[in-house]
Structures are given as structure tokens and as C-alpha cells.
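Observations on the three-dimensional arrangement
Each chain is listed here by its residues.
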Amino acid sequence: MSTSGSDAATPSNRSSSALPRASAQDGTHPRPQMLRAAWASLDGPWAFRHDDDDVGLAEGWAAGLPDAGEIRVAFPPESSASGVEARGFHPVVWYARRLTADDLARAGAGDPSGRVLLHLGAVDHSARVWVDGALVGEHVGGHTPFTVDVTAAVRAAGDGEPLVVVRAEDDPHDAAQPRGKQDWHEEPHGIWYHRTTGIWQTVWLEAVPATSVEHLRWLPAPGALGRSALDLTVRLRGRAPAGSRVRVVLRHDDEVLAEVAQAVRAGAREVDLRVPVAGQRNGQAEHELTWSPETPRLLDAVVALEVAGDDGTATTADAVSSYVGLRTAEVAHGAFLLNGHPYDVRSVLNQGYWPESHLAAPCPQALRREVELVRELGFTACRVHQKVEDPRFLFWADRLGLLVWGEAPGAYEFSARAVRLLVAEWVEVVDRDASHPCVVTWVPFNESWGVQQVRVDPAQQAYVRGLVDLTRALDPSRPVVGNDGWEQPSTDIATVHDYEGDGAVLAPGTPTTPRASACWRGSGRRGARCSSGVRSTPASR
């Protein structure tokens, strides 16, 4: 799929025939599980300026940046790929770019009753967005996407080019922020990396109808039914008129597997559907459609919002293309089960850091190559470490067959503010990534980062248990690791991180040896430290 888009999103071409096939996309779309026919990348040159004295708000930079330099979005200004490569402490940064007629055309704008949306894939850590001096949106959380509606500003500009301005703030010394492995020293030390400030995932433009599909969440139906049915939640932008319905068509190659329609309650913002796959009733042939690293089959879906006309005829108001995988992931009887069968996980710790571009991938193709390299080395899984990876990485993991443990970037302190920040961002992470079949485990904490006294502090123990339970409530279809590697007040998979480098010491080790038992008793960071989860052992909750 090209970033130049295709036909405009007008009523005449909202049908499914204009949509790309999601499972066969080229990996450049920043939201790979919900595609429309047109979108426009805004990556590339933007005006840029540091604001070390934090004077920009008072001096009116929201209306335009004085004496600005240039940056290449979406690379952080600390990186060489950005063209700035300013690696010192710069906690406030500003960006500006005009929306051109070509941008709007590529995004599919043209329907006078539609909306124009500006999507920002990730801005570390807090962001404000203005268009022609008017504040249009704010967001807190450096690893999750957000969207602002710029329709009014685009219309007010007429034939002009509205100016988008973004202010990002990322205090390098704020230990309450979920920051992962971004160093608080000016130069990296130990295991930490150069910082990633501001915009580091794609900024893009999209035109949608007045009432449209905003978000899809695919989960396997509960229990063994998850290999023969899917539960879909469709979130709507705007309120659907009376008589509306959501229609879902599920295909494998050219074969229609299921078609389901569900009425939308007038004014409702969410619709829940169960999509049964009739062919999966034959248990002997169940494996022919299920997803696994060995057989990463993706099923294509079209989700359409239909509204009733005055004559009762249904008209497609909006349609999006998606994909999903039929698979279940759980722990039972002392084993990790994939599609109901014990599965030996051979996993690698994936840092997701590039020297030239830091947390951002140097190009979309690098994300595919990352997945390919993990598979070529003989691994079937990775734990994405202390970052929330670009959705395009997850697409390639879905497409090429790589299990993923999704991990939260940790804060460095335990405080009420740190709890608020991580919980809010983690909820957005689970919401963004729950539909990917490759994601089989959630990891909200790693090695007691942000809960350094969890072994002895009841409040920190309650925090870990609470976030683990919240994760299970948001997504009951996957195991949750409570605090990967160290003290685990609550977990579905008991993991030990052992940094011992002597093979002779490791060879006889099992989770029943005194060495591992010391970890279970809570020695954690003060005792044996173990490595990346390859030697993890499943346990009941």
C-alpha cells in the first residue's frame, strides 16, 4: 500500500471494493489492522526548535516557530537520522508543518460532510497540538498513539495551507515517567540508551465520514471456542443514526468464512459482535485455519458501517479493511498452550533500539528485517523490552510468525504520579495491540523497575497485583506476567532472569534447584538475577 493513498473517501467509493487487502499490505501503513483506501504520511522535513528555557508558550510559538531549524520526522532529535543529533538535555521541543492541498488529496479529503483526522503514532512524553494557533488536542504518554480532529481548521483555511504546530515535553530527570531504557545521564551508561524525545512514530492524515469506524478490537472467543469464533468490538467516531448496523465479512484468500451483521443501538459508540467460523466445527481440521509461528495464517476482514436511507435501503457509510488470526494462548497444567497444545517457546530479548534512529526504526523495511532475523536465528518468540514497538513490527510478526511478549516501559520510582502515568499508558497499549495474534503475553512490569521495594512494601505489591488484574480484565485471552524475572506477587507465568554467564553453572539448573528457589523466595535484585525469559516456567495464577 502506498503512502500516496488512492481514491478520495467520498460516498461513491466507501464500498469494500476500494479497500486494500490488509493481510497483503506492504508494511508501511502505521495502523496495519484498520485500513482505508487513502491516507497521507506527513513524515519528512518539519520546522523544529528546542525550547530549553520553556518560553515558547508565552511567546506565542503555537502560531508559528521563529528562527526554526529543520528536522526529519519521525526521528527523535537526539538521533543522527533526524538531521539534528542534539544529544544533550532539551526537555521541550517544537515542530511545525503546513498541510498542503496534496496532503489533503492523498488523505482522501473531498467529502464536505466528512472529517479530517491527524494521527500521531507516538510523541514522548506529553504533547499539545495546534492548527493555525488553535489548540486541537493534547496527549500524555510517550509510546501510544493519539488522534486530533483538524476539520474546522482545514475548512477555515479555505484554499490556504493550515499550519500544524506540535509541542513535546520530555523531562530526562522525571523518574515517574514510563521511560524504559532512556538514560537520565547526558551520555548513555551501563545498559541504558540515548534518549528519544518528541515525535518518533509516523504522523499521518486521514479523511473519514462524519460517522465512522474509529477502532477495532479482535479477541478469540472464550476458551476452546477461540479457535472457531472471534469476538469483535467496533468503536465508532460520532453517533450512528437509528437503523444503522455493522456488517463483518471474514475471508481466507477468496473463501468467505463468515458474514455477520449487528444492529447499532441509536447513539451507541460501541458494537459487540461474535464472528463464528463454521468450518472450524470440524475439530480434525481445526489446524487448517489456526495461526502459529509455523503456520502464520491471517484472515482478512471487511468491517462496514451501514445506515438506513429514507426508503429503508442500507448504504455503506464507512468501511475498513482488517485482518486477524485464529489462535488461543493460555497456561494450564504447567505448560504454555498455543491453540490448546503445549508449545515450547524459544525466545529472545528484543531491545528495539537502532544507533542511528534510537527507538524509531530507520525505515519500515527495518521492522520486517528485525522479525526475519529473529526467525532466521531459530527463535519463535521475542519479548519487546522496555518499549512499545511500532505497530508495523507487530504486523510483520503476525505475517511471518513470531510470538511477542508485549512489555511496558518502566518508570524508575514508585509514587502516586508514577502509578497514574503507567496505568493510563498501559491501558492504551493493551487497547492498541490486543488484536494482534502474535501478542501472546502481557508484561506490565520488568525486574521491579518502578517497584524496587516490592519484596517488602505492601503498597508496591498491591500495585503489581492491581495492574496484573486490570490487564486480565482488559484482555482475558492472554497470560500476564506480573514482574518479569524478579519478585512476582501475582503472575500467570513464573519467570526467572538468570544473568549467570558460566555454562557449567547453568547446565544443571532447573526451576527446582536452590538457585532458582532463592529467586522465588524474593531475593530478586539483591540475589540471583536471571535472563530474558527463555527459561521461564508456566504456573497457575
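What to know about the nonpolar core
Buried together is how nonpolar side chains tend to be arranged in soluble globular proteins. Counting residues in hydrophobic clusters, the biggest one holds 51 residues, and the most contacted among them are Phe 393, Leu 403, Val 404 and Trp 442. Elements that contribute at least two residues to this core include exactly strand E19 (335-338), helix H3 (364-376), strand E22 (381-384), helix H4 (391-400), strand E23 (403-407), helix H5 (416-433), strand E24 (439-443) and helix H6 (458-474). Among the elements that make up this core, the one with the highest residue count is H4 (five residues). Excluding anything up to four places from it in sequence, Trp 442 contacts Gly 406, Trp 426, Val 429, Val 430, Asp 433, Ala 434, Thr 471, Asp 475, Arg 478, Pro 479, Val 480 and Val 481. Listed in part, the 31 residues of the second largest apolar core include Leu 232, Leu 236, Ala 268 and Val 277.

Topic: unusual backbone geometry
A cis amide bond, omega 15°, links Val 73 with the succeeding residue Ala 74. Here Ala 74 shows up in the loop between strand E3 (69-73) and strand E4 (92-98). With an omega of 10°, the peptide bond running from Asp 124 to His 125 counts as cis. By the element assignment, His 125 lies in the loop between strand E5 (115-124) and strand E6 (126-131). The backbone phi angle of Asp 67 is positive, close to 50°, even though this residue is not glycine. Summarising the element assignment, Asp 67 is placed in the loop between strand E2 (44-50) and E3. The exposure class assigned to Asp 67 is exposed, which follows from its relative accessible area of 72%. Of note, His 333 is a non-glycine position whose phi angle comes to about 55°, a positive value. Mapped onto the secondary structure, His 333 falls in the loop between strand E18 (329-332) and E19. Residue His 333 is classed as exposed on the basis of its relative accessible area of 82%.

A word on the sheet that holds strand E11 (residues 212-220)
A sheet is described by the order of its strands in space; here three strands give the open sequence E11-E12-E15, paired in antiparallel fashion. For this open sheet the edge positions go to E11 and strand E15 (270-276), each flanked by a neighbour on one side alone. Adjacent strand axes in the sheet meet at a mean angle of 20°, parallel and antiparallel pairs treated alike. Where strand E12 (residues 229-237) meets E15, seven bridges bridge the pair, whose relative direction is antiparallel. Residue Arg 235 lies in a different strand from E15, and its bridge partner there is Glu 270.

Some words on the sheet that holds E18
The antiparallel open sheet is built from three strands, whose spatial order is E18-E19-E20. Both edges of this open sheet fall to E18 and strand E20 (341-342), since each of them pairs with a single strand only. Taken together, the four bridges between E18 and E19 define a ladder with antiparallel strand orientation. Bridging across to E19, Ala 329 finds its partner in Leu 338.

Here's the deal with the packing of H3 against H4
Running from N to C, H3 and H4 cross one another at 40°; their axes reach a closest spacing of 9 Å. Judged by the inter-axis angle, H3 sits oblique to H4. By crossing handedness, the relation of H3 to H4 is classed as right-handed. On the side of H3, the interface is formed by Pro 364, Leu 367, Arg 368, Glu 370, Val 371, Glu 372 and Arg 375, while H4 contributes Arg 392, Phe 393, Trp 396, Ala 397 and Leu 400.

Observations regarding the environment of Phe 75
Locating Phe 75 in the fold gives a position in the loop between E3 and E4. With a relative accessible area of 7%, Phe 75 lands in the buried category. Through-space distance from the C-alpha of Phe 75 to that of Gly 198 is 8.6 Å; in sequence the pair is 123 residues apart. Those residues within four positions of Phe 75 in sequence are excluded, and the remaining contacts are Ala 81, Ser 82, Ile 199, Ser 357, Ala 360, Ala 361 and Pro 362.

Considering the state of the cysteines
Tallied over the entire structure, the rule returns zero disulfides. Note on Cys 382: no disulfide assigned, nearest cysteine sulfur contributed by Cys 438 at a separation of 8.0 Å. We classify Cys 438 as buried; its relative accessible area is 0%.

Remarks on the pattern of salt bridges
For the coordinates displayed, the defined rule picks out 34 salt bridges. Note that Arg 247 is salt-bridged to Glu 306, the shortest N-O span being 3.0 Å. Here the residue Arg 247 occupies a position in strand E13 (residues 245-252), and Glu 306 occupies one in strand E16 (residues 299-308), the gap between them amounting to 59 residues. One connected set of salt bridges, linked through shared partners, spans Arg 31, Arg 36, Glu 206 and Asp 318.

Quick word on the packing of aromatic side chains
Summed over the entire model, instances satisfying the criterion amount to 14 aromatic pairs. On the numbers, 5.8 Å between centres and 65° between planes, the contact of Tyr 323 with Phe 395 is edge-to-face. A residue pair is termed long-range when its members are at least 10 positions apart, and Tyr 323 in strand E17 (residues 314-324) and Phe 395 in helix H4 qualify at 72 residues. In this structure Phe 395 comes out as buried when scored by relative accessible area, which is 0%.

Regarding H3
Helix length check: H3, at 13 residues, gives a terminal C-alpha distance of 19 Å against a target of 18 Å (1.5 Å per residue), a fit within 8%. For H3, the secondary structure elements touched by its buried residues are strand E21 (347-350), E22 and H4. Positive backbone phi, approximately 95°, marks Gly 378, located one or two places after H3.

Looking at the side chain of Thr 290
Structurally, the position occupied by Thr 290 is in the loop between E15 and E16. Here the side chain of Thr 290 touches His 287 through a polar contact of 3.5 Å, landing on its backbone oxygen.

What counts and how
- Residues numbered from 1 in each chain as written.
- Predicted model: local features only at pLDDT ≥ 70, side-chain atom pairs only at ≥ 80, totals over all residues.
- Heavy atoms only, no water.
- Core = buried A, V, L, I, M, F, W, Y, C linked by side-chain atoms within 4.5 Å.
- Buried < 20%, exposed > 50% of the residue type's maximum accessible area, 1.4 Å probe, protein only.
- Helix = DSSP H or I, 4+ residues; strand = E, 2+ residues; numbered from the N terminus.
- Contact = heavy atoms within 4.5 Å.
- Pairing = 2+ DSSP bridges.
- Axes fitted to C-alpha atoms, helices over the stretch in contact; angles between N-to-C directions.
- Parallel < 35°, antiparallel > 145°, perpendicular 65-115°, else oblique.
- Left-handed = near helix turned anticlockwise from the far one by under 90°.
- Disulfide = S-S within 2.5 Å.
- Salt bridge = Lys/Arg side-chain N within 4 Å of Asp/Glu carboxyl O.
- Phe/Tyr/Trp six-rings, centres within 6.5 Å; stacked < 30°, edge-to-face > 60°.
- Expected span 1.5 Å × (residues − 1).
- Polar contact = N/O pair within 3.5 Å; in protein donor to acceptor, adjacent residues only side chain to side chain.

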